[in-house]
Amino acid sequence: MAFTLAVAGKGGTGKTTIAALLVSLLLKHGKQPVLAVDADPNPNLDIALGATLSKTIGELREDLLDQIRKMPPGMTKDDYLEMGIQECLSEGQGVDLLAMGCGEGPRCYCAVNSVLRRCIDRLRGSYPYMVIDNEAGLEHLSRSTTQNVDVLIIVSTASPAALKGAARILKLSHQLSLGISRRFLVLNNSTDCDPGQLRSYCEGMGLEVGGIIPYDRQFVELGLAGRPVSDLVNGSPGKQAVEEILGKVLTA
Ligand SMILES: Nc1ncnc2c1ncn2[C@@H]1O[C@H](COP(=O)(O)OP(=O)(O)OP(=O)(O)O)[C@@H](O)[C@H]1O
Ligand SMILES: [Mg+2]
């Protein structure tokens, strides 16, 4: 089973940027192939990775429900989804991207979802590394999208409100039985903060800081230009900080 890193946090805290950097740094260190999963219904990990978005899992699920009565005899839901998932995979050099797409509409999805979960678990078995970029907030945890994770990286800015949100995610991740082995709080975009003060503030809230990523102008410029994180030039302080975090995550 893939060593799985999942990135969660409030909206706009830098989840996608960090997830894409983790993928790019795993590749740099020869830790590949990586399965990158965009679990945000509004996919954008493709841009940060410089990948092309294929059909989403949400679209595949709807297709199956449309086709279920027209499937050729002998073809099972498993066969249909197994084939369909290959179409959803956007294949790149050392990294394949799978986008979950929109959630569920008004139909009955229970049976399809359990087959889908089996197919994704099988797919996951063929990658040594997996990185999941989650949608903002807590719902993905309650919906159990983030399951069997080796390291959950909770991203927050240094603001007290954002940290409260991070503390809620941390609490919920303990309350639900999701099979998460370790949790890391990462403070992103924290310009001019005294790291010592920041750490003790967080510890006071029961949050242990696993890493601090400074404001990085290159991240903003790249985002505005719609360019992938692999275009970051050496000396990017943000990238360097993510590299240190990845080192900790892989060795701790
Ligand atoms: N350390 C940083 N320094 C400067 N800008 C940053 C930093 N981290 C992220 N950003 C910028 O913040 C914006 C939001 O980042 P990103 O899209 O990664 O957040 P997100 O948490 O995935 O957002 P959403 O919740 O909408 O999915 C982007 O423009 C990104 O370039
Ligand atoms: Mg995002």
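Scroll up for the structure.
Our subject in this report is the structure included herewith. Predicted, not measured: the structure shown is a model, and the values here were computed from it. Within each chain, residues carry numbers counting from 1 in the order of the written sequence. Whichever chain is written first is A, and whichever ligand is written first is 1; the rest continue in order. Local features in this predicted model are restricted to residues of pLDDT 70 or higher, and side-chain atom pairs are both shown and tallied only at a pLDDT of 80 or more, whereas totals for entire chains, interfaces and linings draw on every residue. Just so you know, side-chain values use all the structure's heavy atoms and leave hydrogens and water out.

### Points about the overall build of the protein chain
So, step 1. Secondary structure elements are defined from DSSP: runs of H or I of at least 4 residues count as helices, runs of E of at least 2 residues count as strands, and each element is numbered from the N terminus. Assigned secondary structure in the protein chain consists of ten helices and eight strands.
So, step 2. Here the C-alpha atoms of the protein chain give a radius of gyration of 19 Å, agreeing with the 18 Å that 2.2 N^0.38 yields for 252 residues.
So, step 3. Viewed in the frame of its principal axes, the protein chain has a C-alpha envelope of about 65 × 40 × 30 Å.
So, step 4. Buried positions account for 47% of the 252 residues belonging to the protein chain.
So, step 5. Computed with the Shrake-Rupley method and a 1.4 Å probe, the accessible areas treat only the protein chains shown as cover for residues. Summing over all exposed atoms, the protein chain offers an accessible surface of approximately 12,000 Å²; the carbon and sulfur share of this is 52%.
So, step 6. Separation of charge centres in the protein chain, based on 25 positive and 28 negative side chains, amounts to 5 Å. For the radius of gyration, the atom set is restricted to C-alpha positions; the globular benchmark scales as 2.2 Å times the number of residues to the power 0.38. Remark: exposure states derive from per-residue accessible area (1.4 Å probe, protein chains only) relative to the maximum for the residue type, with buried under 20%, exposed over 50%, and partly exposed in between. His is not counted, nor are the chain ends, whereas Lys and Arg count as positive and Asp and Glu as negative. Throughout, a charge is located at the NZ atom of Lys, the CZ atom of Arg, the CG atom of Asp or the CD atom of Glu.

### Section: the site of ligand 1
So, step 1. We define proximity as follows: a residue is near a molecule or strand when any one of its heavy atoms falls within 4 Å of that partner. Residues in contact with ligand 1 amount to 17 residues; listed here are only the nearest, Lys15, Thr16, Thr17, Asn188 and Asp216.
So, step 2. Within the side chain of Asp40, an N or O atom sits 3.5 Å from an oxygen atom of ligand 1.
So, step 3. One of the side-chain nitrogen or oxygen atoms of Asn189 is found 3.3 Å away from a nitrogen atom of ligand 1.
So, step 4. Bound to the protein, ligand 1 loses 77% of the 640 Å² it would expose on its own.
So, step 5. Of the pockets mapped on this structure, ligand 1 occupies the second largest pocket.
So, step 6. Elements with a minimum of two residues in the shell around ligand 1: helix H1 (15–28) and helix H9 (217–225).
So, step 7. Broken down by element, the residue count for the shell around ligand 1 peaks at three residues, all from H1.
So, step 8. Residue composition of the shell around ligand 1, by class: six nonpolar, eight polar and three charged. Polar contacts, as used here, are pairs of N or O atoms within 3.5 Å; protein pairs need one atom able to donate a hydrogen and one able to accept it. Residues neighboring in sequence count only if both atoms are side-chain atoms. The way it works is a 1 Å grid over only the protein atoms, where trapped points that fit a 1.4 Å probe form a cavity and open points with protein on both sides within 12 Å along at least five of seven lines form a pocket, and then any residue with an atom within 4 Å of a point lines it. A molecule is said to be in a cavity or pocket once over half of its atoms fall within 2 Å of that pocket's grid points. Three classes are used, and their members are as follows: Ala, Val, Leu, Ile, Met, Phe, Trp, Tyr, Cys and Pro are nonpolar, Asp, Glu, Lys and Arg are charged, and the others, Gly among them, are polar.

### Regarding the sheet that holds strand S6 (residues 149–156)
Backbone hydrogen bonds are what pair the strands of a sheet, in a parallel or an antiparallel way.
So, step 1. Between any two strands, at least two bridges found by DSSP are needed for them to pair. A sheet is described by the order of its strands in space; here eight strands give the open sequence S3-S4-S2-S5-S1-S6-S7-S8, paired in mixed fashion. Strands with a single pairing partner mark the edges of an open sheet, and in this sheet they are strand S3 (90–91) and strand S8 (209–213).
So, step 2. Bridge analysis of strand S2 (residues 34–39) against strand S5 (residues 129–134) gives six bridges, and the strand direction is parallel. For Ala36, the partnering residue across the bridge sits in S5 and is Val131.

### Some thoughts on the environment of Glu221
So, step 1. Looking at the element boundaries, Glu221 is found in helix H9.
So, step 2. For Glu221, a relative accessible area of 39% translates into the label partly exposed.
So, step 3. Along the backbone, Glu221 and Leu232 are eleven residues apart, and their C-alpha atoms lie at a distance of 9.8 Å.

### Considering a nonpolar patch on the surface
So, step 1. Note that patches include only residues with greater than 30% relative accessible area and no salt bridge, and the join distances are 9 Å for like charges and 5 Å for nonpolar side chains (Val, Leu, Ile, Met, Phe, Trp, Tyr). Between Lys or Arg on one side and Asp or Glu on the other, a salt bridge is scored when a side-chain nitrogen of the former is within 4 Å of a carboxyl oxygen of the latter. Judged by side-chain polarity, Tyr215, Val220 and Leu224 come together as a nonpolar surface patch covering roughly 320 Å² of accessible area.
So, step 2. Take Tyr215: it is sitting in the loop between S8 and H9.

### A word on helix H7 (residues 160–175)
So, step 1. The terminal C-alpha atoms of H7, which comprises 16 residues, lie 22 Å apart, in line with the 22 Å expected from a rise of 1.5 Å per residue.
So, step 2. Listed as buried for H7 are Ala162, Leu163, Gly165, Ala166, Ala167, Ile169, Leu170, Leu172 and Ser173. In this scheme, a helix's expected span is set at 1.5 Å multiplied by one less than its residue total.

### With respect to the side chain of Thr56
So, step 1. Here Thr56 shows up in the loop between helix H2 (45–49) and helix H3 (57–67).
So, step 2. Filtering out sequence-adjacent residues up to four positions away, Thr56 remains in contact with Cys88, Ala99, Met100 and Gly101. We call two residues in contact whenever any of their non-hydrogen atoms come within 4.5 Å of each other.

### Some thoughts on the state of the cysteines
So, step 1. Here, a disulfide means two cysteine sulfur atoms that sit within 2.5 Å of each other. All told, the structure shown has zero disulfides when counted by the stated rule.
So, step 2. Unpaired in this structure, Cys102 has its nearest cysteine sulfur neighbour in Cys88, at a distance of 13 Å.
So, step 3. Lacking any disulfide linkage, Cys193 is separated from the closest cysteine sulfur, that of Cys202, by 9.5 Å.

### A word on the pairing of S2
So, step 1. Within S2, six of the six residues are buried, which leaves the element mostly enclosed by the surrounding structure.
So, step 2. Of the two faces of S2, the one lined by Val34, Ala36 and Asp38 and the one lined by Leu35, Val37 and Ala39 are each fully buried.
So, step 3. The sheet contact formed by S2 and strand S4 (residues 95–99) spans five bridges and is parallel. Within the sheet, the bridge partner assigned to Asp38 lies in S4 and is Ala99.

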